Amino acid sequence: MVTPEQVRDYIAAGLACDHLEVSGDGAHFEAVIVAAAFSGKSRIQQHQLVYAALGERMREEIHALSMKTFSPEQWAAR
Amino acid sequence: MSQNIHDVIRQQVTENPIVLYMKGSAQFPQCGFSARAVQILKACEAKSVMTVDVLQDPAIRQGIKEFSNWPTIPQLYIKGEFIGGSDIMTEMFQSGELQPLVAAAS
């Protein structure tokens, strides 16, 4: 079973994050992610960057990941 | 000659104003995220929504993930444009961005 800490590490390994919180029960996870790479990107592009960081794990290990993504500017203006 | 699955999907999303790829049907969603997507479209008073149950068709289930470069279901298309999955639908509904898109397509 995958832990929220592992999901956190998987994301961090593929995407430089300013802020990264992951919670979950082993099947469903929720993440709040702030990354400079998100600046100027659409929501779809931001989520695609996270999915790209997770790669095959998203298909094999992680059943569901619900996420909120922010660029540093969006995070500051929240 | 078998039609390429991406051509099938392209035809679905261009010939129908609102298409939701989901697990199960609108009446009986088979996943909480798909159920939420259906509820959001109802709350937007969407009409003429075509739902595609990916559990009924493995080729579509795999094909839509490649077509959108998006690994999860549900996926919403409006007027041929990929809008997002259930998180993005939720955010756009809460911010009021989704309702006019749906209204313009209904």
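Above this text sits the structure in question.
The structure reproduced in this document is the subject of the present report.

Definitions and limits used
Residues numbered from 1 in each chain as written. Chains lettered and ligands numbered in written order. Predicted model: local features only at pLDDT ≥ 70, side-chain atom pairs only at ≥ 80, totals over all residues. Heavy atoms only, no water. Phe/Tyr/Trp six-rings, centres within 6.5 Å; stacked < 30°, edge-to-face > 60°. Helix = DSSP H or I, 4+ residues; strand = E, 2+ residues; numbered from the N terminus. Buried < 20%, exposed > 50% of the residue type's maximum accessible area, 1.4 Å probe, protein only. Contact = heavy atoms within 4.5 Å. Buried area = accessible area lost by both parts, 1.4 Å probe. Salt bridge = Lys/Arg side-chain N within 4 Å of Asp/Glu carboxyl O. Polar contact = N/O pair within 3.5 Å; in protein donor to acceptor, adjacent residues only side chain to side chain. Nonpolar A, V, L, I, M, F, W, Y, C, P; charged D, E, K, R; others polar. Pairing = 2+ DSSP bridges. Axes fitted to C-alpha atoms, helices over the stretch in contact; angles between N-to-C directions.

Looking at the packing of aromatic side chains
Residues and elements named next belong to chain B.
Step number 1: Across all of its chains, the model carries 6 aromatic pairs over all chains by this definition.
Step number 2: Look at Tyr21 and Tyr77: their rings are 6.1 Å apart centre to centre, the planes differ by 80°, and that puts the pair in the edge-to-face class. Taken together, the positions of Tyr21 in strand 1 (residues 18–22) and Tyr77 in strand 3 (residues 75–78) put the pair 56 residues apart, joining distant regions of the chain. For the pair Tyr21 and Tyr77, a shared accessibility class is recorded, and that class is buried.
Step number 3: Ring geometry for Phe67 against Tyr77: centres 6.1 Å apart, planes inclined by 50°, an arrangement best described as tilted. Highlighted residues: Phe67 in helix 3 (residues 58–68) and Tyr77 in strand 3, separated in sequence by 10 residues.
Step number 4: By relative accessible area, which is 3% here, Tyr77 ends up buried.

Describing the interface of chain B and chain A
Step number 1: In this complex, chain B contributes 16 residues to the contact, which on the side of chain A involves 14 residues.
Step number 2: Here chain B and chain A share an interface that buries about 1300 Å² over both sides, 59% of which is from carbon and sulfur atoms.
Step number 3: Summed over the three residues of chain B that lose the most area to chain A, namely Pro71(B), Asp87(B) and Glu91(B), the buried surface amounts to 37% of that side.
Step number 4: On the surface where chain B and chain A come into contact, there are 2 salt bridges.
Step number 5: Counting every contact that joins chain B to chain A gives 7 residue pairs in polar contact (both at pLDDT 80 or more).
Step number 6: Every element with two or more residues in the side of chain B that touches chain A is listed here: strand 4 (81–84) and helix 4 (86–94) of chain B.
Step number 7: Among the elements that take part in the side of chain B that touches chain A, helix 4 of chain B stands out by supplying 4 residues, more than any other.
Step number 8: Of the residues belonging to the side of chain B that touches chain A, the class tally is 7 nonpolar, 5 polar and 4 charged.

Quick word on the pattern of salt bridges
Step number 1: Evaluation of the coordinates by the stated rule reveals 6 salt bridges over all chains.
Step number 2: One salt bridge connects Glu91(B) with Arg43(A), and the closest N-O pair in it is separated by 2.9 Å. Separated into two different chains, Glu91(B) in helix 4 and Arg43(A) in helix 2 (residues 43–54) make up a pair that spans both.
Step number 3: Residue Glu91(B) is classed as buried on the basis of its relative accessible area of 19%.
Step number 4: Relative accessible area serves as the criterion here: at 24%, Arg43(A) is assigned to the partly exposed category.
Step number 5: For Arg59(A), the salt bridge is made with Glu56(A), and the minimal N-O distance between the two is 3.4 Å.
Step number 6: Overall, Arg59(A) belongs to the partly exposed group, its relative accessible area being 48%.

Some words on the sheet that holds strand 1 (residues 19–24) of chain A
Residue and element names in this part refer to chain A.
Step number 1: Taken in spatial order, the 3 strands make up an open sheet running 1-2-3, and their pairing is mixed. Where the open sheet ends on each side, the last strands, each with one partner, are strand 1 and strand 3 (64–70). Averaged over neighbouring strand pairs, the angle between their axes works out to 10° when direction is ignored.
Step number 2: The strands touched by helix 1 (residues 4–14) are strand 1 and strand 2 (28–34); relative to strand 1, the strand with the most contacts, the crossing angle is about 145°.

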